[in-house]
Amino acid sequence: MRLMFHLPGALIGGAETQLLTLLRELRKQGHGGDNFVTVPAAAFDGIRPFAKLLGEQARVLAYDSPGEHARMIREWKPDLIQHYHNHAVEGAIALAHTNTPTVEIVHGCIHFPNDSTRTSKTYAKAIVAVSEDARGFFLREMPTFDTARVEVITNGVDLGYLRRPPGPVRLLPVGRLLEGDKRYRMIIDACAGLRHDWELHLVGDGPDRASIFEYARTHAPGRVRFFGYKDAVREFYHRADI
């Protein structure tokens, strides 16, 4: 099976980490295949670290226009395309002009800003929402969409490896440092109101790192630790309470 994944070309975050996990699991099961990832050429620099992590699991292809993206899909003939609801609009248009089955992952409450974005949804064979809330939000945005094609598959966590050493209450957000999407300032303000001794451990990187760092320094001095992007986060989960 040949799989195609479309990404917006941002810094490494949850979507890219999930993709790495999926590809590794497919390879273990003997279904590695000749997979590839498409990304807008203008955003390719942001995906370079991720391309290195992919290695031989999938090749990364950059496109300059929706037409070129559609041509790539026709030439490579993937059996299935997976993409995310917040991908670049031109990618959605290109996907809409192919007959390849697509699966869209909905993992947040992001509005669909225009008719092109909404139209692309109707071509998806299935919508996978990571929670009931995400499913409900999607159906409110797309009230005429066939509800039978929207399935909830939660992100699983093996509770067996969660353990923590003694010390202050540790809170752990893992993801891109994007204030608009993740509301890190709100998290810092909420933690500052705790009556317990606490630490906030931020794992991830992104364009708002400097501003979030400065906000943490002035509003919660000595309480927030920045660890940057980590390919493996299990040990951080071991030490976390929330």
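Rules and cut-offs
Residues numbered from 1 in each chain as written. Predicted model: local features only at pLDDT ≥ 70, side-chain atom pairs only at ≥ 80, totals over all residues. Heavy atoms only, no water. pLDDT = per-residue confidence, 0-100. Contact = heavy atoms within 4.5 Å. Helix = DSSP H or I, 4+ residues; strand = E, 2+ residues; numbered from the N terminus. Buried < 20%, exposed > 50% of the residue type's maximum accessible area, 1.4 Å probe, protein only. Pairing = 2+ DSSP bridges. Right-handed = clockwise from strand over helix to strand, strands pointing away. Phe/Tyr/Trp six-rings, centres within 6.5 Å; stacked < 30°, edge-to-face > 60°. Lys NZ or Arg CZ within 6 Å of the ring centre and 35° of its normal.

### Concerning the confidence of the model for the protein
- When pLDDT is averaged along the protein, the result is 78; 79% of the residues meet or exceed 70.
- Throughout residues 86-90 the model reports pLDDT below 50, and contacts reaching past four residues in sequence, or to other chains, amount to 16 contacts.

### Concerning the environment of Arg 24
- Positionally, Arg 24 belongs in helix α1 (residues 14-28).
- Residue class for Arg 24 comes out partly exposed when judged on its relative accessible area of 34%.
- Spatially, the C-alpha atoms of Arg 24 and Gln 57 are 7.6 Å apart, while their sequence positions differ by 33 residues.
- Excluding its chain neighbours within four sequence positions, the residues that come into contact with Arg 24 are Gln 57 and Asp 231.

### Notes on the pairing of strand β2 (residues 36-40)
- Burial analysis of β2 places five of its five residues in the buried class, which makes it a mostly covered element.
- Bridging between strand β1 (residues 3-6) and β2 involves three bridges; their strand directions are parallel. Paired with Met 4 across the strands is Phe 36, a residue of β2.
- Bridge analysis of β2 against strand β3 (residues 59-63) gives five bridges, and the strand direction is parallel. Across the sheet, the residue bridging to Pro 40 is Tyr 63, located in β3.
- Assessed by its sense of winding, the connection that carries the chain from β2 through helix α2 (residues 44-54) to β3 is right-handed.

### Considerations on the packing of aromatic side chains
- Taken as a whole and judged by the stated rule, the model has four aromatic pairs.
- Seen in terms of ring centroids, Phe 36 and Trp 76 are 4.8 Å apart; in terms of plane orientation they differ by 45 degrees. Their pairing is tilted. Placement of the pair is Phe 36 in strand β2 and Trp 76 in helix α3 (residues 66-76), with a sequence separation of 40 residues.
- The class of Trp 76 is buried, set by a relative accessible area of 17%.
- With a centroid separation of 4.9 Å and an interplanar angle of 70 degrees, the aromatic rings of Phe 227 and Phe 236 are classed as edge-to-face.
- Classification of Phe 227 by relative accessible area gives partly exposed; the value is 22%.
- In this structure, Arg 239 is placed above the aromatic ring of Phe 236, and the distance from its NZ or CZ to the ring centre is 5.0 Å.

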